Amino acid sequence: MAELDFHSASIDQIGAAFRGEGCVLLRNCIDADNLARLKGTLDEILAGQDTIHFADWEMTARGLPHFCEYLFGDKHYTLLDSVLGGRHRVSRNTSTRRIGNSPDSKGYQQPLTPHLDAFFHRFEWTVNFWVPFQDCGRDAPSLAVVRAPVAEAQAFTGYDGRRRRSGPPPQWNFANFSNASLAVDDLRRAFGERVWAPEYAFGDAMMLSNWTLHFTHSLPEMTERRSSVELRFNARASLGEALSDVLGPSAAKMLTALRRMVPFGDAVHEPRSH
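Figured I'd write up the structure that's included with this text. (Residues numbered from 1 in each chain as written. Predicted model: local features only at pLDDT ≥ 70, side-chain atom pairs only at ≥ 80, totals over all residues. Heavy atoms only, no water.)

1. Considerations on the nonpolar core
- With 59 residues, the main nonpolar core has Leu26, Phe129 and Met207 as its most contacted residues.
- Sequence-distant contacts of Met207, that is, excluding residues within four places in its chain, are made with Ile14, Phe18, Gly22, Cys23, Val24, Leu26, Leu79, Val83, Val127, Asn128 and Phe129.
- Within the second largest apolar cluster, 12 residues are counted, among which are Leu25, Trp130, Val145 and Met206. (Core = buried A, V, L, I, M, F, W, Y, C linked by side-chain atoms within 4.5 Å. Buried < 20%, exposed > 50% of the residue type's maximum accessible area, 1.4 Å probe, protein only. Contact = heavy atoms within 4.5 Å.)

Structure, rendered in structure tokens:
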């Protein structure tokens, strides 16, 4: 089940869907008034600016709350504790994004091709709540995901199982992946109907990880531009430790398989923005 109502679903149901498919669409995840309040604050800050991204750390540097403090309540934080092993922090890669179809959309980024966030960010276990600031998926570009667990996404992208071998842009972390130049058709051939581009309503959120394949769903008829916020949270443990805490001893076989691909001994560092 890749789509749940945030209020009626239990933490266990959401966590099971997320771990099983690498993502879950949470309907009514964010209170509409709270989301409108954050959007209004950002609109005031960015008025007249051609800014594709505005980072959470730029928000707090102004003496304002973290994005999540505008949007999250107790259940959101309980869910984070569940999927991040009880230890987490706001990632420096938490930011807003503006997307537009037209190449002359100043201040708006062109649609993004398929990728893992792990291509660009550090490898520690990261959960992302992708929240659009308007309805999207019909008239405005949205987010498409591949419904596949971590190990399958890593195998498809040819992750070599080594520690991050990063470089400056445009090298990023691509040295760790043998299949990082992806097109939507590649995903459709490999994953079929598990390539998913739902429509989003104001207040919906897609919960995904830094090991979830995703891209901008954009069609020529989508003439409206879209803005969104990406609420990322890093585990304070390594990926292996976080998964072990979350999945428990019964997942020993899965973790043994993942050890061939995941650098369990990696220390946790603050990632850089991209």
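2. Notes on the environment of Ile99
- Relative to the assigned elements, Ile99 resides in strand 4 (residues 95-99).
- Judged by its relative accessible area of 0%, Ile99 falls in the buried class.
- In the structure, Ile99 is positioned 10 residues away from Gln109 in sequence and 4.7 Å away in space, judged by C-alpha atoms.
- With residues near it in sequence (within four places) discarded, Ile99 still touches Tyr108, Gln109, Gln110, Pro111, Leu112, Pro141, Thr216, Arg225 and Arg226. (Helix = DSSP H or I, 4+ residues; strand = E, 2+ residues; numbered from the N terminus.)

3. Considerations on the packing of helix 1 (residues 11-21) against helix 5 (residues 74-83)
- Contact geometry for helix 1 and helix 5: axes closest at 10 Å, N-to-C directions at 50°. Classified by the angle between their axes, helix 1 and helix 5 sit oblique to one another. Both helix 1 and helix 5 take part in a crossing whose hand is right-handed. Listed contacts from helix 5 to Ile11, Ile14, Gly15, Phe18 and Arg19 of helix 1 are Lys75, Thr78, Leu79, Ser82 and Val83. (Axes fitted to C-alpha atoms, helices over the stretch in contact; angles between N-to-C directions. Parallel < 35°, antiparallel > 145°, perpendicular 65-115°, else oblique. Left-handed = near helix turned anticlockwise from the far one by under 90°.)

4. Let's talk about the packing of aromatic side chains
- Under the defined criterion, the tally for this structure stands at 18 aromatic pairs.
- Judged by centre distance (6.4 Å) and plane angle (85°), the ring pair of Phe129 and Phe233 falls under edge-to-face. Taken together, the residues Phe129 in strand 5 (residues 126-132) and Phe233 in strand 10 (residues 226-235) connect sequence positions 104 residues apart. Across the pair, Phe233 and Phe129 agree in class, each one buried.
- Between the NZ or CZ atom of Lys75 and the centre of the ring of Phe6, over which it lies, the distance is 5.0 Å.
- In this structure, Arg98 is placed above the aromatic ring of Tyr108, and the distance from its NZ or CZ to the ring centre is 5.5 Å. (Phe/Tyr/Trp six-rings, centres within 6.5 Å; stacked < 30°, edge-to-face > 60°. Lys NZ or Arg CZ within 6 Å of the ring centre and 35° of its normal.)

5. Thoughts on the pattern of salt bridges
- Tallying each qualifying case throughout the model produces 11 salt bridges.
- As a salt-bridge pair, Arg27 and Glu3 come within 3.0 Å of each other at their nearest N and O atoms. With Arg27 in strand 2 (residues 23-27) and Glu3 in strand 1 (residues 3-5), this residue pair connects regions lying 24 residues apart in the sequence.
- According to the relative accessible area criterion, Glu3 is partly exposed, its value standing at 35%.
- Between Glu230 and Arg232 there is a salt bridge whose closest N-O contact spans 2.9 Å. With respect to burial, Glu230 and Arg232 carry one shared label: buried.
- Connected via shared salt-bridge partners are Arg97, Asp117, Glu230 and Arg232. (Salt bridge = Lys/Arg side-chain N within 4 Å of Asp/Glu carboxyl O.)

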